[in-house]
Amino acid sequence: MVLSACGESGGDTSNVSATAPTTQSPAGASTIDPSATGSASEGSSDASDSTDGQTGSSGAVSTSGPEPTTGPDPTATATSTTSTTTSPFTTSESTDTGWWETTTEGGDMCKVNIDIVFVMDVSTSMSAILQKLADEILVVDQAIAALDVDTQPSYGLVVFVDDATIINNGTPYADAASLQADFIEWSTFTQSNSQTDGNGSNGDWPENTIDGLYLAAYGFQWRPTESTLRMIIHTTDDTFGDKGANQSGEIVQHSYDETVLGLQEREIRVFSFVDNDMTGGPGNNEDVSMGFFTPYQGKTPIPQATDGGAFNINDVYGGQLSLSAAINQSVEDSLCEQYIPM
């Protein structure tokens, strides 16, 4: 979202390309063109389905509260900054596949890997949510470790304003502490009122959720579908443009339908922290729930379409919803569930 207090009434309307792979932004990121990921990155994504993701570093050059509308119900509130998880899971070795299979007490199959990509709006109004993630990501990581999953979780990061950038070329972070450092960097970046590639200003209020999600689906080095819980944690307080929209000189590269299909084909669950209080837009009085809580042009909202969930971001800001508890519960509730998109 553009904050009027930052003097964003105008903005550069020149067409600033998001394709410069050597342009540096915070944490050593470089911008990846979302339009290129549908072909080249799709091949690499398929390849990553058969091999484990490589470990990266944050500096590598690349790129009780209320219930969610869909998905799990986080029962912890903002007063609990730590999460205690009692794990119902046990592990047993599979001699047929060679994988370590995780099962519930009832014998149902669970995933053995957890991959989470954060797709973050880094426009001027988003500093607080990035700082909250920085404060709470280690709590999330500790809760995942308590689930008795045999492998370390893999984390990725995509940031967007009107353009979109994937960090570390889609390579997973070395650890949660490296991701935490980048959350802090991008929280500071929000005050620049810049596109993620460092070029051009943000002069309008729709942001590029669509290319951000598409880039995460096709650009991150996800581990194999059959053994991996694949999740996106998505945050924004604004609506989005569809394919072809010109937003401060940046053209949205992908459509709502293309993005939803890509997420579904890769069995990626999207859990969105988004505005559901008619407080979006330049006057903080616009309904920006379409595509998240409510249908977009008659189409199923993205979290529901991807077997994920939606949470009101204002409940996080107001202290009624613990960000880490909501993420932790989403992971735990999804781990042993069949992926059923709508």
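**Q** Tell me what's going on with unusual backbone geometry, and back it up with residues and numbers.
**A** A positive phi angle, close to 60°, is found at N168, a residue other than glycine. Relative to the assigned elements, N168 resides in the loop between β8 (164-166) and α3 (176-189). For N168, a relative accessible area of 2% puts it in the buried group. In this structure, N169 is a non-glycine residue whose phi angle is positive, near 55°. Of note, N169 is situated in the loop between β8 and α3. Residue classification places N169 among the partly exposed residues on the basis of a relative accessible area of 41%.

**Q** Explain the packing of helix α2 (residues 127-145) against helix α8 (residues 323-334) to me, using residue names and the numbers behind them.
**A** Helix packing for two helices is described by the angle between their axes and how far apart those axes are. Relative to each other, α2 and α8 sit at 40°, their axes nearing to 8 Å. Considered as vectors, α2 and α8 are oriented oblique to each other. Judged by the sense of rotation from one axis to the other, the crossing of α2 with α8 is right-handed. Every residue of α8 that contacts α2 at I129, K132, L133, E136, V139, V140, A143 and I144 is listed here: L323, S324, I327, N328 and V331. Per-class residue counts for the contact of α2 with α8 are nine nonpolar, two polar and two charged.

**Q** Describe the side chain of T196, listing the residues and the values that go with them.
**A** Within the element layout of this structure, T196 appears in the loop between α3 and α4 (209-219). Overall, the relative accessible area of 0% leaves T196 in the buried class. A distance of 2.9 Å separates polar atoms of two side chains, one belonging to T196 and the other to D163.

**Q** Quick rundown of the sheet that holds strand β7 (residues 154-160)? Include the residues and the values.
**A** An order of β8-β7-β6-β9-β12-β13 is seen for the six strands of this open sheet, with the pairing classed as mixed. Edge strands, defined here as strands with exactly one partner in the open sheet, are β8 and β13 (309-312). Recorded for the sheet is a direction-independent mean angle of 20° between the axes of neighbouring strands. As paired strands, strand β6 (residues 113-121) and strand β9 (residues 228-235) are joined by eight bridges and run parallel to one another. Within β9, the position partnered with M120 by the bridge is T235. Against the sheet, α2 makes contact with β6, β7 and β9, and its axis sits at roughly 175° relative to β6, the strand it touches most. α4 rests against β6, β7, β8, β9 and β12 (268-274) of the sheet, and its axis sits at about 25° to β8.

**Q** I'd like a rundown of the confidence of the model for the protein, residues and numbers included.
**A** Residue-level pLDDT values for the protein average 77, and 68% of them are 70 or greater. Low confidence marks residues 2-102, where pLDDT is under 50. Its contacts with residues over four positions away, or in another chain, come to 269 contacts.

**Q** Can you lay out the nonpolar core for me, pointing to particular residues and giving the numbers?
**A** Counting 42 residues, the largest nonpolar core has F118, L157, F183 and F273 as its most contacted members. For this core, the elements supplying multiple residues, two or more each, are β6, α2, β7, α3, β9, β12, α7 (313-318) and α8. With seven residues, the single largest contributor to this core is α2. Grouped together as the second largest cluster of nonpolar side chains are 29 residues, I232, F240, V274 and I302 included.

**Q** Let's hear about the state of the cysteines: which residues, and what values?
**A** Tallying each qualifying case throughout the model produces one disulfide. Between the sulfur atoms of C110 and its disulfide mate C336 the distance is 1.7 Å. Handedness here is read from the sign of the S-S torsion; for C110 and C336, about 100°, the answer is right-handed. Remark: C336 occurs in the segment after α8 and C110 occurs in strand β5 (residues 109-110); sequence separation between them is 226 residues. Here C110 and C336 have matching classes, each one buried.

**Q** Give me the lowdown on the packing of aromatic side chains, citing residues and values where you can.
**A** Tallied over the entire structure, the rule returns 10 aromatic pairs. Plain terms: the ring middles of F240 and Y296 are 5.1 Å apart, the flat faces sit at 55° to each other, and that makes the pair tilted. Separated by 56 residues along the polypeptide, F240 in the loop between β9 and β10 (246-247) and Y296 in the loop between β12 and α6 (302-305) bring together distant segments of the chain. The exposure class assigned to Y296 is buried, which follows from its relative accessible area of 12%. An aromatic cluster is present here, built from F240, Y256, F292 and Y296 joined pairwise through their rings. Sitting above the plane of the Y218 ring, R266 keeps its charged end 3.8 Å from the centroid.

Criteria and cut-off values
Residues numbered from 1 in each chain as written. Predicted model: local features only at pLDDT ≥ 70, side-chain atom pairs only at ≥ 80, totals over all residues. Heavy atoms only, no water. Helix = DSSP H or I, 4+ residues; strand = E, 2+ residues; numbered from the N terminus. Buried < 20%, exposed > 50% of the residue type's maximum accessible area, 1.4 Å probe, protein only. Axes fitted to C-alpha atoms, helices over the stretch in contact; angles between N-to-C directions. Parallel < 35°, antiparallel > 145°, perpendicular 65-115°, else oblique. Left-handed = near helix turned anticlockwise from the far one by under 90°. Contact = heavy atoms within 4.5 Å. Nonpolar A, V, L, I, M, F, W, Y, C, P; charged D, E, K, R; others polar. Polar contact = N/O pair within 3.5 Å; in protein donor to acceptor, adjacent residues only side chain to side chain. Pairing = 2+ DSSP bridges. pLDDT = per-residue confidence, 0-100. Core = buried A, V, L, I, M, F, W, Y, C linked by side-chain atoms within 4.5 Å. Disulfide = S-S within 2.5 Å. Phe/Tyr/Trp six-rings, centres within 6.5 Å; stacked < 30°, edge-to-face > 60°. Lys NZ or Arg CZ within 6 Å of the ring centre and 35° of its normal.

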